[in-house]
Amino acid sequence: MSADLFGLARSAMRKAHAPYSRFPVGAALRTTDGRIFAGCNVEVVSFPEGWCAETSAIAHMVMDGGGRIDEIAIVAERLRACTPCGGCRQRIAEFGAPDTRVYLCDPVEGVVETLLMEDLFPRGFSADAL
């Protein structure tokens, strides 16, 4: 299952708008009901006002009616096994679960590491705390 997400994430990465950092990133996620959404990072000159690939993919999911993230793949052009930033870890946790699989990818090899969200983002904020 992770290979198709990697392919979509890599395709999304190629569409990234990253003229300032020159650090294209792509993400693709699958919801628990099997829908798939992809996104890329989009930078603007007013750092940090752009958005991450994971954020773009989650926004597409929300616009399609929402859901829960079952698994997500992240790939960066210049960094093997790029992990989500802190903000994206919170976003994935918000729409995922502790057992959501996070695939860290190499742009050529594909998935090189699989983590569970609870291991990647221990003790994150939850709605129960509000």
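Values in this document were obtained by computation on a predicted structure and should not be read as measured data. (Residues numbered from 1 in each chain as written. Predicted model: local features only at pLDDT ≥ 70, side-chain atom pairs only at ≥ 80, totals over all residues. Heavy atoms only, no water.)

Caption draft 1: Representation of the nonpolar core. In terms of nonpolar packing, the biggest core is built from 21 residues, with Leu29, Ile69, Ile72 and Val102 touching the most fellow members. Looking at this core, the elements with two or more residues in it are strand E1 (25-31), helix H2 (53-63), strand E3 (69-76), strand E4 (101-106) and helix H4 (117-120). Here leucine 29 is in contact with Leu5, Arg35, Ile36, Phe37, Ala57, Ile58, Met61, Ile69, Glu71 and Ile72, once residues within four sequence places are set aside. Residues Leu5, Ala9, Val75 and Cys105 belong to the second largest nonpolar core, which totals 9 residues. (Core = buried A, V, L, I, M, F, W, Y, C linked by side-chain atoms within 4.5 Å. Buried < 20%, exposed > 50% of the residue type's maximum accessible area, 1.4 Å probe, protein only. Helix = DSSP H or I, 4+ residues; strand = E, 2+ residues; numbered from the N terminus. Contact = heavy atoms within 4.5 Å.)

Caption draft 2: The arrangement of the environment of glycine 39 in detail. Along the polypeptide, glycine 39 turns up in strand E2 (residues 36-40). Glycine 39 gets classed as buried once you look at its relative accessible area, which sits at 6%. Along the primary structure glycine 39 and tryptophan 51 are separated by 12 residues, whereas in three dimensions their C-alpha atoms are 9.9 Å apart. The residues touching glycine 39, leaving out its near neighbours within four places in the chain, are Ala12, Val25, Gly26, Ala27, Ala53, Ser56 and Ala57.

Caption draft 3: Looking closely at the UniProt feature "active site" (unreviewed entry) in the protein. Sites flagged by UniProt as "active site" (unreviewed entry) map to Glu54. Every residue in contact with glutamate 54, bar those within four places of it in the chain, is listed here: Ala27, Ile72, Ile74, Pro84, Cys88 and Ile92. (UniProt positions renumbered as here; feature names shortened; annotations may be inferred.)

Caption draft 4: Just helix H1 (residues 2-13), in detail. Here H1 is 12 residues long and its end C-alpha atoms lie 16 Å apart, about the 16 Å a rise of 1.5 Å per residue gives. Looking at H1, one finds that the buried residues are Leu5, Phe6, Ala9, Ala12 and Met13. On an axial view of H1, the arc spanned by its buried residues comes to 125°, and they lie on one face. On its buried face, H1 sits against E1, E2, E3, E4 and strand E5 (110-116). (Expected span 1.5 Å × (residues − 1). Arc of directions from axis to C-beta.)

Caption draft 5: Quick peek at the sheet that holds E5. Spatial strand order, E2-E1-E3-E4-E5: 5 strands in an open sheet with mixed pairing. Pairing within the sheet leaves two strands with one partner each, and these edge strands are E2 and E5. Taken over all neighbouring pairs, the strand axes of this sheet differ in orientation by 20° on average, direction set aside. Sheet topology note: the E3/E4 ladder contains 5 bridges and is parallel. Residue isoleucine 74 lies in a different strand from E4, and its bridge partner there is leucine 104. The strands touched by H1 within the sheet are E1, E2, E3, E4 and E5, with E1 carrying the most contacts at an inclination of about 140°. (Pairing = 2+ DSSP bridges. Axes fitted to C-alpha atoms, helices over the stretch in contact; angles between N-to-C directions.)

Caption draft 6: A look at the pairing of E5. Here E4 pairs with E5 via 6 bridges, running antiparallel. In the strand pairing of E5, aspartate 106 is matched with glycine 110. In textbook terms, the turn of a hairpin is the stretch between consecutive antiparallel strands, and for E4 and E5 this stretch comprises 3 residues.

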